[in-house]
Structure formats: C-alpha cells, structure tokens
Amino acid sequence: MKLRLGVLISGRGSNLQALIDACRDPDFPAEVALVISNKADAGGLARATAAGIPSLVLKPKDFADKPAHEAAMTAALEQAGVGLVCLAGFMRLLTGGFVAHWHDRLINIHPSLLPSFPGIDTHARALAAGVRFHGCTVHYVREVMDEGPIIVQAAVPVLTGDTPDDLAARVLVQEHQAYPLAVRLIGEGRVRVEGAVAHIEGAALPAPVICPVASSL
Ligand code: GRF
C-alpha cells in the first residue's frame, strides 16, 4: 500500500506540485491524500483541485486557539489516513503538541543548507554572508523551527551578481527534486532516524565539488 501524504501549504504550492507530479509515477511509493491550507487564497489549492486531490482550508482565526486549529488539522489528516505530513511553504509555527503527535511522520522543506540560515529571507542572508554554496534541505520537524534530522539536501553555487530572486529561482529547481526524493526514500522504508541524524540505507556519497572550481583559477 502507498504512503498517504498530507501536504500543508500557505501559498503558491510549487513544491506541492512537484509532489503531485512525482506521485503520478506508478512506481512512486506515495500518493497525496489531502492538502490543507491555512489561507483561502493559496495558489496551491487550485493545483490540488486540478489533480483531483481533496483539499481543505482551515483558517486559524476560525478556531479558539492554536491547539484547536492544529487538532482540526490532525483530525482531518487522520481521517484521510495520512501517514506522512509534508510542510510545503506552510507559514505557521507548529506547537510542540502537533510536532510530538506526528513525530518522525512530519517533514519540511527549507530553502537553505541547514543548519545555516534557519528562518526567513534565506537567499538575501546567504548573499550577505558571501557563502559560495546555498541550497535546500528536507528534514524531519522538531519543536525548534528549521531543526531536525536531515533527509536530503541539494546545493547550488552562488554566482557573481546574483540577486536574492536569482538565487531563489536556482534553489527552487532543486527543491522540486529534493522533496520528492525525500518522500520516496521514506516511502521505500530507507530512512532510519537515530538521535539527530537520519541515515539513508543504500545511499552512495556524491563526488565532492569545490566552488569556485579549483581548476578554473
Ligand atoms: C519554498 O521555497 C520552501 O522551501 C519554503 O517556502 C517556499 C514555498 O514555495 N518553505 P511553494 O509554495 O512550494 O512554491
């Protein structure tokens, strides 16, 4: 049986789209069962509808408090038989209660090479720091924001003259590869969390790259 995904969004949903597209492959071990948005105008909702995937808008202000909002999300996810919750541009901090309930069944994509640049404005901050590489991280969610065992990372070079938008666009291409890869590894049962580290069975180490490339200097 396929791993059933619940995808939480707040905006345009391009990572949701990457997951939807990956799930079209009959060999992919997961399927999107439910999309939940905390915003009624999230562009990702139309993507769910176009793919025939049930979606739900649960606005925090319609609930007494944060735990009540999260309880409604958990109830809907469990009703849909969700086994893995994927945060995909979900712009709300989750309480420790929600994170504990979904422990090791809750993952996030973040647009930086964690643990560098947690939080917002990662691309501008990477440029300001003068790093040579930037990228994205898919990780299990823990109570501290943008912290948790890393499943997949993808790096891109920072190029001379990059604006934050240039860098964001370069990273986003990698996000759309990294998120489905992380879900596939989990769906195949190849990810084992041990303390702060997620081990991947059968993963080969990539060749090292140094930027700027040493031979070009
Ligand atoms: C992505 O950059 C993701 O890494 C971050 O929020 C953005 C969401 O983009 N968490 P989208 O809604 O998936 O297009």
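In what follows, the structure referred to is the one given above.
The residue numbering used here restarts from 1 in each chain and proceeds along that chain's sequence as written. In view of the model being predicted, local features appear only for residues whose pLDDT reaches at least 70, and side-chain atom pairs are presented and counted only at 80 or more, with totals across whole chains, interfaces and linings using the full set of residues. Neither water nor hydrogens contribute to the side-chain values; these are computed over all heavy atoms in the structure.

Here we take up the packing of aromatic side chains. Each pair of aromatic rings taken from Phe, Tyr and Trp, with Trp reduced to its six-membered ring, is defined by centres within 6.5 Å and is described as stacked if the planes are under 30 degrees apart, edge-to-face if over 60, and tilted in the remaining cases. Going through the model one piece at a time under the given rule, you end up with one aromatic pair. Ring geometry for phenylalanine 98 versus tryptophan 102: centroids 6.4 Å apart, planes at 45°, classification tilted.

Bringing the pattern of salt bridges into the picture now. Only one rule defines a salt bridge in this text: a Lys or Arg side-chain nitrogen within 4 Å of an Asp or Glu carboxyl oxygen. Counted under the stated rule, the structure contains eight salt bridges. In this structure, arginine 170 engages aspartate 162 in a salt bridge whose closest nitrogen and oxygen atoms are separated by 2.7 Å. The exposure class of arginine 170 is partly exposed, given its relative accessible area of 22%. The cut-offs for exposure are 20% and 50% of the maximum accessible area for each residue type, with area from a 1.4 Å probe on protein chains only; residues under the lower value are buried, those over the upper are exposed, and the others partly exposed. Given the relative accessible area of 13%, aspartate 162 is considered buried. Measuring nitrogen to oxygen at the nearest pair gives 2.3 Å for the salt bridge that ties glutamate 194 to arginine 192. Members of the salt-bridge network, linked through shared partners, are Arg184, Glu188 and Arg190.

Only strands that DSSP links by at least two bridges are regarded as paired with each other. The way it works is that DSSP assigns letters per residue, a run of H or I at least four long becomes a helix, a run of E at least two long becomes a strand, and they are numbered from the N terminus. Strand order across the open sheet formed by seven strands is β3-β2-β1-β4-β5-β6-β7, with mixed pairing between neighbours. With partners counted over all chains shown, the strands left at the sheet margins are β3 (55-57) and β7 (150-157), one partner each. When the angles between neighbouring strand axes are averaged without regard to direction, this sheet yields 20°. With three bridges joining them, strand β2 (residues 30-37) and β3 adopt parallel strand pairing. In the strand pairing of β3, valine 35 is matched with serine 55. Should any heavy atoms of two residues lie within 4.5 Å, those residues are counted as being in contact. Think of each axis as a best-fit line through the C-alpha atoms, taken over the contacting stretch in the case of a helix, with angles from 0 to 180 degrees between the N-to-C directions. Against the sheet, helix α3 (residues 66-79) makes contact with β1 (3-9), β2, β3 and β4 (84-87), and its axis sits at roughly 155° relative to β2, the strand it touches most.

Another aspect to go through is the environment of methionine 91. Within the secondary structure, methionine 91 is located in the loop between β4 and α4 (96-101). For methionine 91, a relative accessible area of 61% gives the class exposed. Between the alpha carbons of methionine 91 and alanine 126 there is a distance of 20 Å; along the sequence they are 35 residues apart.

Among the residues of helix α5 (residues 122-129), Thr122, His123 and Ala126 are the ones counted as buried. All buried residues of α5 fall inside an arc of 100° around its axis, so they share one side. Residues of α5 that are buried make contact with β5 (106-110), β6 (133-140) and α6 (164-187). Think of it as the arc spanned by the lines of direction from the helix axis to the C-beta atoms.

Further remarks concern the environment of leucine 114. Position of leucine 114 among the secondary structure elements: in the loop between β5 and α5. Residue classification places leucine 114 among the buried residues on the basis of a relative accessible area of 7%. With 20 residues separating them along the chain, leucine 114 and histidine 134 place their C-alpha atoms 9.5 Å apart. With near-sequence residues (within four places) excluded, leucine 114 lies in contact with Thr137, His139, Asp146, Ile150 and Gln153.

A word on the pairing of β5. In terms of burial, β5 is largely enclosed, as five of its five residues are buried. The side-chain alternation of β5 yields two buried faces, one formed by Leu106, Asn108 and His110 and the other by Ile107 and Ile109. Following the chain from β4 across α4 to the adjacent parallel β5, one finds a crossover that is right-handed. Here β5 pairs with β6 via four bridges, running antiparallel. By the bridge assignment for β6, histidine 110 is matched with threonine 137. Crossovers are marked right-handed if the path from the first strand over the helix to the second runs clockwise, as seen with the strands pointing away from the viewer.

On the secondary structure map, histidine 139 appears in strand β6. The exposure class of histidine 139 is buried, given its relative accessible area of 1%. Ignoring sequence-local partners within four residues, the contact set of histidine 139 consists of Leu106, Ile107, Asn108, His110, Leu114, Asp146, Glu147, Gly148, Pro149, Ile150 and Ile151.

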